[in-house]
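# Inside the fold
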Amino acid sequence: HSSEQGDQGINEGTSSPDKPRQVIAVSVSKGPSAFFNLARKFLVTDEECDLSALEGAIVSAVDAAHLLERSKIATIVQIQTSYVA
């Protein structure tokens, strides 16, 4: 069984190493705007959050991160993918 995983690190300001980041598990069952809205709520109280997705949901995670950046709510600081065989 193989799967692809994509992680997007987005932030609103500087990172704080002592506080764990919020991780949003993106799925294909909802559209990117649902994860955009959830991340927007997290970023009100947290400086950073991660969007994490597997396989087909990676596109939704990228779209949600792009919406956040285009809306000037957050900046994409890292995109990471890995392949597990």
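Everything quoted here is computed from the prediction, not taken from an experiment. (Residues numbered from 1 in each chain as written. Predicted model: local features only at pLDDT ≥ 70, side-chain atom pairs only at ≥ 80, totals over all residues. Heavy atoms only, no water.)

### A short note on the nonpolar core
- Counting 16 residues, the largest nonpolar core has Ile24, Val26, Ala39, Leu51, Ala53 and Leu68 as its most contacted members.
- It is helix 2 (residues 58-70) that provides the largest number of residues to this core, a total of five residues. (Core = buried A, V, L, I, M, F, W, Y, C linked by side-chain atoms within 4.5 Å. Buried < 20%, exposed > 50% of the residue type's maximum accessible area, 1.4 Å probe, protein only. Helix = DSSP H or I, 4+ residues; strand = E, 2+ residues; numbered from the N terminus.)

### Looking at the environment of valine 44
- Turning to its location among the elements, valine 44 is positioned in helix 1 (residues 32-45).
- Its relative accessible area of 68% is what places valine 44 among the exposed residues.
- The spacing of valine 44 and isoleucine 73 is 29 residues in sequence and 9.5 Å in space, taken between C-alpha atoms.

### Re the packing of helix 1 against helix 2
- Their axes nearest at 8 Å, the elements helix 1 and helix 2 cross at an angle of 50°. Compared by their axis directions, helix 1 and helix 2 come out oblique. The handedness of the crossing between helix 1 and helix 2 comes out as right-handed. Each of Pro32, Ser33, Phe35, Phe36, Ala39, Arg40 and Leu43 in helix 1 lies in contact with helix 2, whose residues at this interface are Ser60, Asp63, Ala64, Leu67 and Leu68.
- Here the contact of helix 1 with helix 2 is built from residues that sort into eight nonpolar, two polar and two charged. (Axes fitted to C-alpha atoms, helices over the stretch in contact; angles between N-to-C directions. Parallel < 35°, antiparallel > 145°, perpendicular 65-115°, else oblique. Left-handed = near helix turned anticlockwise from the far one by under 90°. Contact = heavy atoms within 4.5 Å. Nonpolar A, V, L, I, M, F, W, Y, C, P; charged D, E, K, R; others polar.)

### Some remarks on the pairing of strand 3 (residues 48-54)
- Across the seven residues that make up strand 3, a large majority, six, are buried.
- Here strand 2 (residues 22-26) runs beside strand 3; their pairing, made up of five bridges, is parallel. Across the sheet, valine 23 pairs through a bridge with aspartate 50, a residue of strand 3.
- In this fold, strand 2 hands off to helix 1, which returns the chain to strand 3; that crossover is right-handed. (Pairing = 2+ DSSP bridges. Right-handed = clockwise from strand over helix to strand, strands pointing away.)

### A closer look at the side chain of aspartate 46
- By secondary structure assignment, the location of aspartate 46 is in the loop between helix 1 and strand 3.
- Aspartate 46 sits in the buried class, given a relative accessible area of 9%.

### Observations concerning the confidence of the model for the protein chain
- Per-residue pLDDT for the protein chain has a mean of 84; in total, 78% of the residues score no lower than 70.
- The least confident element of the protein chain is strand 1 (residues 3-11), whose mean pLDDT is 57; the most confident is helix 2, at 96. (pLDDT = per-residue confidence, 0-100.)

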